[in-house]
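Working through the structure, step by step
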Amino acid sequence: MIFDRLADAIAKHAKLIVVMWVIILICSVPLAMKSSEVMKYDINEIAAENSESVRGMEIMDRYFPSGGGTVSSMPIILIKYDDEAGEAAGDAFINYMNEHSSEYTDGDGNPKLRSNAFVSMGSQTKEGLDGGIILTGVLFSGEPADEDVDTLREFIDRMEKEFAALGPAQAEILSDGVYLTGTLAVTHDLAAGALEDVSRIDPFTVLMILILVGLFFRSFITSATPPVTIGVAFVVVLALIYGIGQILNIFFITEMLLLVSMMGAGCDYCIFIISRYREGLRSGLTHELALHDAIKWAGESIATSGASVIIGFGVMSICSISMISTMGICLALSILVAMLAALTLIPAILQFVRDRIFWPTTMKAFEEGGKATRGWFAWFGRLGEKYFEKSSRFSLKRAGVITLAAVLVTVPAAYLTMNSETSYDMISCMQTGDSGKGMEYLGEYANQGMFMPNYIIFETSEPIAHVYDNKLIPEMKMLIWTDSFKDINMDPYYNALRSDPNVADVAGPYMWDKYVQEAEKQLTEEGAPLPLSYSDIVDRAVENTPEMLKLYLEPVISQVRGMMSDEQLVLMGGSSIDYLINNYSKMIGGDYAESGTGDVNFFMFQYSTADAAMSPLSMQTIDHSASETDAFVKTLNAVRGTGYVTETWVTGTAAVMYDISKDVSEEFNLIEILVIIFIIILLFIVMRSYLIPLRSVFTILMSISWTLAMTHVVFTVLLGKDVIWLIPLILLVICLGLGMDYDILLTTRIRENVLKGMSNDEAIHHAVTHTGSVITVCGLIMGGAFGTLMLSSLTIMQEIGFALCFAILCDALIVRTYIVPAIMHLLGNWNWKGPKFMQRKTL
């Protein structure tokens with residue numbers, strides 16, 4: 001038997017094993033310290049590489065200008081106000097920041113912002129609400145980066161203090177809050193919040209494990225041994241993840257799950273070995289025989305449990321969604337290393353320290369009259385023994401009632417689970433910090449999707465415009481549209497996109513001359529005195545511009561008015577304004593983006609939603625926009641000739657999540673089926689039984705259905721939060737793997753008893769009474785480890801923590817204690833029916 005040979009090898013080479021682990025640890029530390037550098041926080045990087053949205057992002061990066069920035073990448077300042085005076089003061093604060101915008105510089109003293117960089121988007125409020133918010137876009141000279149968030153916040157804080165110092169009225173008005181938000185700030189705060197969560201959760205996890213293991217073994221040394229051992233394995237895994245991160249995208253959720261998964265499962269494996277070793281010593285075996293027995297029997301349980309977890313996580317690697325596939329790879333690797341540490345390092349340590357690992361408790365303390373048989377410890381021990389003694393007899397006596405009750409609870413739970421929707425709104429569930437508060441106000445007073453628009457990119461077979469150098473004003477280039485493109489009537493497409501009630505704003509390629517003509521027509525119809533004022537024409541053209549582009553137009557007009565008169569703006573400024581607006585807002589793309597001049601072969605439409613960008617309603621809006629785009633292209637190609645528009649892409653952060661939502665149902669169903677099939681095969685090989693694998697999977701799925709139902713009740717019904725789409729997959733994979741630990745520990749012990757000659761019921765009773773306390777402690781450890789994730793500031797981690805904690809505790813305290821013994825009693829000897837060639841006794 002393989003574990004017999006492993007036990008013999010550890011007894012002979014214990015010192016070598018310890019030295020090897022120390023060397024591996026020393027080599028791993030430098031790389032492990034850099035593992036956080038490879039973590040990803042951008043949702044755009046989690047979708048399948050061949051998805052339309054990701055290919056659209058690649059087109060934007062390659063062919064669209066790198067300067068400027070879209071609304072989604074722009075930092076947004078949100079000022080909360082309660083009344084008209086607050087609104088006026090908020091506007092004054094924006095003007096104050098514009099006056100001092102040149103003071104925001106880089107390390108060399110160069111201004112990082114454009115002139116008049118703080119562009120007000122106006123006040124926003126909703127009917128029936130008091131007060132509102134003022135939104136202000138921040139225009140950088142180049143593309144804003146993650147590191148700019150902190151420096152911009154420092155600048156805003158300084159401006160607040162200076163503005164407040166002007167008088168008590170200003171200080172009072174800004175007291176409601178000034179927040180830096182937008183997608184860039186949300187991503188930055190997400191990274192900072194995740195690191196802060198890890199620093200808070202991980203120590204709490206380790207402390208909880210130390211206390212629980214210490215109480216169970218009544219020993220300081222034993223309490224430290226499992227977490228220290230798994231800590232060594234954790235460092236090794238971080239080093240491996242740093243290497244994997246050079247090739248694959250690893251999302252930050254993986255890092256947050258890593259330690260709690262390893263500490264939960266790994267410490268369970270360590271406890272299986274140590275408790276079995278202690279049980280052998282207490283029964284009178286010598287150190288050598290007790291350790292050999294522990295490795296032989298507990299080792300089989302650990303290897304089977306670890307293999308089931310690795311299968312669950314490993315199957316996730318086939319997912320085309322990079323966040324899921326890399327999570328599966330990393331977590332499978334972490335369990336493998338934790339299992340190897342438990343099977344080799346723990347026994348090697350036991351070989352050296354022997355029963356001194358239980359200090360200050362000794363084996364004599366468990367003899368009749370010893371310390372362990374008296375006092376509070378003995379009282380708790382006897383209480384536990386009596387509880388599992390009674391629970392076992394109750395399960396065997398009331399097996400039918402217990403099984404029926406379990407089924408009656410499962411049916412409505414499964415119904416609720418299957419009829420409850422999950423959400424793909426990753427942004428809302430990952431908001432934290434200053435930007436998160438700002439996004440909450442945005443949702444309360446304005447359109448929630450305004451700063452996460454979707455982009456529709458069109459590629460044409462012939463240039464739609466050309467970019468030239470401006471000989472009169474060298475600092476500005478000229479954009480000259482082709483006659484064929486100017487003649488295209490875009491209004492039907494605009495109107496088709498706007499026909500969706502959830503679409504709040506739409507913008508496309510900007511043509512100044514068209515807005516000038518429209519302004520002249522409106523002013524004439526309104527009876528404005530002739531000749532029309534050029535200033536009125538400019539102001540009306542700006543007023544008619546879509547809100548998404550007005551953000552760029554207002555500072556451009558202010559800038560250009562310093563170079564030419566309003567008459568020149570109306571009569572000859574179109575080509576320069578068109579270039580500035582379309583270039584800054586990335587409405588056009590082509591070879592010119594790299595060379596500075598040249599052809600334009602790409603144009604783009606943007607639209608924002610009234611509802612949250614990733615809400616179910618906004619997902620339907622993406623589908624609507626794709627359909628209308630196909631119809632528009634079909635009509636356009638029919639008029640211009642087949643092949644005028646060669647390809648289109650719908651992209652943006654919400655579109656990325658839309659593509660994920662289309663892949664999720666098919667791929668997740670496949671992953672779940674494969675996990676179940678592979679685990680059934682594994683258990684069939686190990687248990688040599690037809691029914692035990694099916695019974696094991698059935699009871700795990702039972703507890704999963706309870707958990708999903710409870711998660712929906714707690715978060716959706718009670719807390720008003722959507723359950724994220726990741727929860728069902730993570731719950732099923734982890735529970736089929738980690739939750740199987742307790743089933744395997746119990747079932748292998750029952751099988752061991754049967755092989756030793758006990759009847760089925762005797763084997764069940766003996767196994768429950770002798771493993772009940774171990775399973776309970778391990779369940780508390782693993783459930784508590786996952787439960788610490790509820791300390792996170794991120795909703796998604798709170799949901800994962802609650803679901804896994806509830807599932808593990810249900811499995812360890814209810815399913816393994818009552819339901820499994822009851823079902824195995826009803827099955828009787830059918831538990832052990834299997835292929836005849838596998839039915840041999842291996843004691």
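Notes on the structure in this doc start here. (Residues numbered from 1 in each chain as written. Predicted model: local features only at pLDDT ≥ 70, side-chain atom pairs only at ≥ 80, totals over all residues. Heavy atoms only, no water.)

1. Focus on the overall build of the protein chain
Within the protein chain, the regular secondary structure consists of 28 helices and 14 strands. Looking at the protein chain as a whole, 58% of its 843 residues are labelled buried. Taking the contacts inside the protein chain whose residues are at least 6 apart along the sequence as the reference set, 81% of them involve residues at least 24 apart. Split by element, the accessible area of the protein chain, about 34100 Å² in all, is 59% carbon and sulfur. If the 56 positive side-chain charges of the protein chain are averaged to one point and the 94 negative ones to another, these points end up 20 Å apart. (Helix = DSSP H or I, 4+ residues; strand = E, 2+ residues; numbered from the N terminus. Buried < 20%, exposed > 50% of the residue type's maximum accessible area, 1.4 Å probe, protein only. Contact = heavy atoms within 4.5 Å. Areas by Shrake-Rupley, 256 points an atom, 1.4 Å probe, with all protein chains shown as cover. Lys, Arg positive; Asp, Glu negative; His and termini not counted. Charge placed at Lys NZ, Arg CZ, Asp CG, Glu CD.)

2. Here's the deal with the side chain of Asp4
Note on placement: Asp4 falls in helix α1 (residues 2–32). For the buried Asp4, no salt bridge exists, and the shortest N-O distance to an oppositely charged side chain is 4.3 Å, to Lys296. Among residues more than four places away in sequence, those in contact with Asp4 are His292 and Lys296. (Salt bridge = Lys/Arg side-chain N within 4 Å of Asp/Glu carboxyl O.)

3. Let's talk about the packing of α1 against helix α9 (residues 287–316)
Where α1 meets α9, the axes come as close as 8 Å, and the angle between the chain directions of the two elements is 125°. If you check the angle between α1 and α9, you find them oblique. Considering how the two elements wind past one another, α1 and α9 form a crossing that is right-handed. Side by side, α1 and α9 meet where Phe3, Asp4, Leu6, Ala7, Asp8 and Ile10 of the first sit next to His292, Ile295, Lys296, Gly299, Glu300 and Ala303 of the second. (Axes fitted to C-alpha atoms, helices over the stretch in contact; angles between N-to-C directions. Parallel < 35°, antiparallel > 145°, perpendicular 65-115°, else oblique. Left-handed = near helix turned anticlockwise from the far one by under 90°.)

4. Section: helix α4 (residues 147–164)
Owing to its 3.6 residues per turn, the α-helix aligns residues three or four sequence positions apart on the same side. For α4, spanning 18 residues, the distance from its first C-alpha to its last is 27 Å, which sits close to the expected 26 Å at 1.5 Å a residue. When we look at burial in α4, the residues that qualify are Asp148, Val149, Leu152, Arg153, Phe155, Ile156, Met159, Glu160 and Phe163. Summarising the axial view, the buried residues of α4 lie within an arc of 165°, below the 170-degree limit, and thus occupy one face. Turned more than 90 degrees from where α4 packs its buried face, Glu147, Glu154 and Lys161 sit exposed. (Expected span 1.5 Å × (residues − 1). Arc of directions from axis to C-beta.)

5. Brief notes about the state of the cysteines
This model, assessed by the stated rule, comprises zero disulfides. Here Cys330 is not disulfide-linked; the sulfur of Cys319 is the nearest cysteine sulfur, at 14 Å. With no disulfide of its own, Cys810 lies closest to Cys805 among cysteine sulfurs, the gap being 9.4 Å. (Disulfide = S-S within 2.5 Å.)

6. Remarks on the packing of aromatic side chains
In total, this model carries 32 aromatic pairs according to the counting rule given. With a centroid separation of 6.4 Å and 50° between ring planes, the pair formed by Phe220 and Trp359 is classed as tilted. Taken together, the residues Phe220 in helix α7 (residues 220–244) and Trp359 in the loop between α10 (322–353) and α11 (375–397) connect sequence positions 139 residues apart. A ring pair is formed by Phe394 and Tyr818, whose centres lie 6.4 Å apart and whose planes are at 85°; its orientation type is edge-to-face. With Phe394 in helix α11 and Tyr818 in helix α28 (residues 795–827), the pair connects residues that are 424 residues apart, well separated along the chain. Members of the aromatic cluster, joined through ring pairs, are Phe458, Trp481, Phe485, Tyr493, Tyr494, Phe603, Phe605 and Phe632. Over the aromatic face of Phe216 sits the side chain of Arg278, whose NZ or CZ is 5.2 Å from the ring centroid. (Phe/Tyr/Trp six-rings, centres within 6.5 Å; stacked < 30°, edge-to-face > 60°. Lys NZ or Arg CZ within 6 Å of the ring centre and 35° of its normal.)

7. Quick notes on the side chain of Thr707
Following the sequence through the fold, Thr707 ends up in helix α25 (residues 691–718). The buried category is assigned to Thr707, whose relative accessible area is 0%. With near-sequence residues (within four places) excluded, Thr707 lies in contact with Leu731, Ala803, Phe806 and Ala807.

8. A closer look at the pairing of strand β8 (residues 465–469)
When β8 meets strand β9 (residues 477–481), the two strands line up antiparallel, connected through five bridges. Directly across from Asp469, in β9, lies its bridge partner Lys477. Where β8 lies against strand β12 (residues 598–600), three bridges are found, and the strand directions are antiparallel. When the bridges of β12 are listed, His466 appears paired with Asp599. (Pairing = 2+ DSSP bridges.)

9. A closer look at the packing of helix α17 (residues 512–525) against helix α18 (residues 534–544)
Look at α17 against α18: their axes get within 8 Å of each other, and the N-to-C directions meet at 110°. Between α17 and α18, the angle falls in the class roughly perpendicular. Every pair of crossing elements has a handedness; the one defined by α17 and α18 is right-handed. Contacts between α17 and α18 involve Trp512, Tyr515, Val516, Glu518, Ala519, Glu520, Gln522 and Leu523 on the former and, on the latter, Asp536, Ile537, Val538, Arg540, Ala541 and Asn544. When its residues are assigned to classes, the contact of α17 with α18 shows eight nonpolar, two polar and four charged. (Nonpolar A, V, L, I, M, F, W, Y, C, P; charged D, E, K, R; others polar.)

10. Considerations on the sheet that holds strand β2 (residues 76–81)
With antiparallel pairing, the four strands of this open sheet are ordered in space as β3-β4-β2-β5. The sheet is open, and its two edges are formed by β3 (113–124) and β5 (178–181), each paired on a single side. Going from strand to strand, the sheet's axes swing by 25° on average, the running direction of each strand aside. As defined by bridge partners, β2 adjoins strand β4 (residues 132–140) across six bridges and the pair is classed as antiparallel. Considered in β4, the bridge of Leu78 is made with Leu135.

11. Quick look at a nonpolar patch on the surface
Residues Leu416, Met710, Val713, Val717, Leu718 and Leu719 make up a contiguous nonpolar surface patch of about 530 Å² in total accessible area. You can see Val713 is positioned in helix α25. Classification of Val713 as partly exposed rests on a relative accessible area of 31%. (Patch = residues over 30% accessible without salt bridge, like charges linked within 9 Å, V, L, I, M, F, W, Y side chains within 5 Å.)

12. With respect to the pairing of β5
Taking every second residue as pointing to the same face, both faces of β5 are buried, with Val178 and Leu180 on one and Tyr179 and Thr181 on the other. Where β2 lies against β5, four bridges are found, and the strand directions are antiparallel. Bridge pairing in β5 links Ile76 to Thr181.

13. Focus on the nonpolar core
Ile253, Trp725 and Ile796 are the most contacted members of the largest nonpolar core, which has 250 residues in total. Ranked by residue count, the leading element in this core is helix α8 (residues 252–282), at 19 residues. Aside from chain neighbours lying at most four places away, what touches Ile796 is Ile253, Met426, Cys429, Met430, Ile724, Leu726 and Ile727. Formed by 24 residues, the second largest nonpolar core is a distinct cluster that contains Ile94, Ala117, Ile134 and Leu152. (Core = buried A, V, L, I, M, F, W, Y, C linked by side-chain atoms within 4.5 Å.)

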